[in-house]
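# Working through the structure, step by step
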Amino acid sequence: MSRYVLKKTGKMLLYLFCAVTIVYFVLSLAPSSPAEVILAKPVVYLYPTQTMEVAVDVELTQGHLTVTDPPIGQGWQVTAQPDGQLTDSQGNQYPYLFWEADAPADFDFSKGFVVPGSQTEEFLQEKLALLGLNDRETADFLEYWQPRMEENAYNLVAFQTERYTELAQLNIEPAPDSVIRVFMAYQPLKEPVEVEPQALQPATRHGFAAVEWGGSEVRP
């Protein structure tokens, strides 16, 4: 191979290396994509003022449903009782509607609460009551999340109302008079960290009420 060819080939490889380096640098400056997390066990309770037929659907802006109970099909169609009992068209009864999803989510932990694992129950009972959950709903929440959180030395907890409702829309017909949606994200910690306390808005229910809770464990 002539010196000319070798020289030309070397220049081409140098240009290619420079181009790849520039592309890598530009991509490194771009914001990272939100990590995919599990929207774990969101459950929906319905409390009409009288027995009625209710249609419920979950619409994700990103991601996909992985589990629903009962099967959601084109949407849930249930008969709802004032005490919260739900009955499908086959006569099966449910205390709530259940779903899970995998979705890219960029949760906000700039404000929140650092809670020792041993104080999980006390913390959640206080905050969930403030956010509008009743005793039954709080007990269901604790049954699922408390064992998972207690095993950690600490947890950074932040409630994600705005980001969650942007990610997962809850469509209910007829429309409820009040809707309470509580979604908790937490990061397990080995040591406590400093974080600005999160201001939580109290919630109340009236008339036909729909209530939903769920959560995600986010590894730092």
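Before reading further, recall that the structure is shown in the block above.
These lines cover the structure that appears in this document, whether it is placed above or below. (Residues numbered from 1 in each chain as written. Predicted model: local features only at pLDDT ≥ 70, side-chain atom pairs only at ≥ 80, totals over all residues. Heavy atoms only, no water.)

### Some thoughts on helix α3 (residues 135–150)
Put simply, the rule is: The reported bend at a residue is simply the angle between two axes, fitted to the 7 residues ending at it and to the 7 residues beginning with it. Elements are defined by DSSP. Helices are runs of H or I of four residues or more, strands are runs of E of two residues or more, and each kind is numbered from the N terminus. The contact definition used throughout considers only heavy atoms, calling two residues in contact when any of these lie within 4.5 Å.
Of all the bends in α3, the greatest reaches close to 35° and is centred on Glu-143; the proline Pro-147 follows between one and four positions later. On its buried face, α3 is in contact with β1 (36–47), β7 (97–104), α2 (120–130), β9 (154–159), β11 (178–189) and β13 (209–217).

### Observations regarding unusual backbone geometry
Our working definition: Think of it in three bands: with a 1.4 Å probe and only protein chains considered, a residue is buried below 20% of the maximum accessible area for its type, exposed above 50%, and partly exposed in between.
A cis geometry characterises the amide bond from Asp-69 onward to Pro-70, with omega recorded as 0°. Mapped onto the fold, Pro-70 is located in the loop between β3 (64–69) and β4 (76–80). Pro-174 follows Glu-173 through a cis peptide bond whose omega is 0°. By the secondary structure assignment, Pro-174 is in the loop between β10 (168–173) and β11. Of note in this structure, Lys-41 is not a glycine but carries a positive phi near 45°. The residue Lys-41 is located in strand β1 in this model. The class of Lys-41 is buried, set by a relative accessible area of 17%.

### A short note on the sheet that holds β10
Cut-off, in case you're wondering: A strand pair is defined by DSSP finding two or more bridges across the two strands.
Strand order in the open sheet formed by five strands is β6-β5-β4-β2-β10, with antiparallel pairing between adjacent strands. Sheet topology places β6 (93–94) and β10 at the edges, where each strand pairs with a single neighbour. Pairing of β4 with strand β5 (residues 86–87) involves two bridges; the strand directions are antiparallel. Bridged to Thr-79 within β5 is Thr-87.

### Points about the pattern of salt bridges
Side-chain pairs of opposite charge can arise whenever the charged atoms involved come near each other. For clarity, the threshold we go by: By definition, a salt bridge exists where a carboxyl oxygen of Asp or Glu is found within 4 Å of a side-chain nitrogen of Lys or Arg.
Under the defined criterion, the tally for this structure stands at five salt bridges. Its salt-bridge partner being Lys-111, residue Glu-196 comes within 3.8 Å of it at the nearest N-O pair. With Glu-196 in strand β12 (residues 196–197) and Lys-111 in strand β8 (residues 111–116), this pair connects stretches of sequence that are 85 residues apart. Measuring nitrogen to oxygen at the nearest pair gives 2.6 Å for the salt bridge that ties Glu-212 to Arg-181. Residue Glu-212 is located in strand β13, and its partner Arg-181 is located in strand β11; the two are separated by 31 residues in the primary sequence. Considered together, Glu-212 and Arg-181 belong to a single accessibility category, that of buried residues.

### With respect to the environment of Tyr-164
Here Tyr-164 shows up in helix α4 (residues 161–167). Accessibility expressed as a relative area gives 1% for Tyr-164, which makes it buried. Through-space distance from the C-alpha of Tyr-164 to that of Arg-181 is 8.9 Å; in sequence the pair is 17 residues apart.

### So, the environment of Asp-83
Worth spelling out the cut-off: Each polar contact in these results corresponds to two N or O atoms within 3.5 Å; when the atoms are within protein, one needs to be able to donate a hydrogen and the other to accept it, and residues that are neighboring in sequence are counted only if both atoms are side-chain atoms.
Inspection of the secondary structure puts Asp-83 in the loop between β4 and β5. Accessibility expressed as a relative area gives 56% for Asp-83, which makes it exposed. Through-space distance from the C-alpha of Asp-83 to that of Thr-51 is 9.4 Å; in sequence the pair is 32 residues apart. Sequence-distant contacts of Asp-83, that is, excluding residues within four places in its chain, are made with Tyr-47 and Arg-136. A polar atom in the side chain of Asp-83 sits 3.0 Å from the backbone nitrogen of Gln-85.

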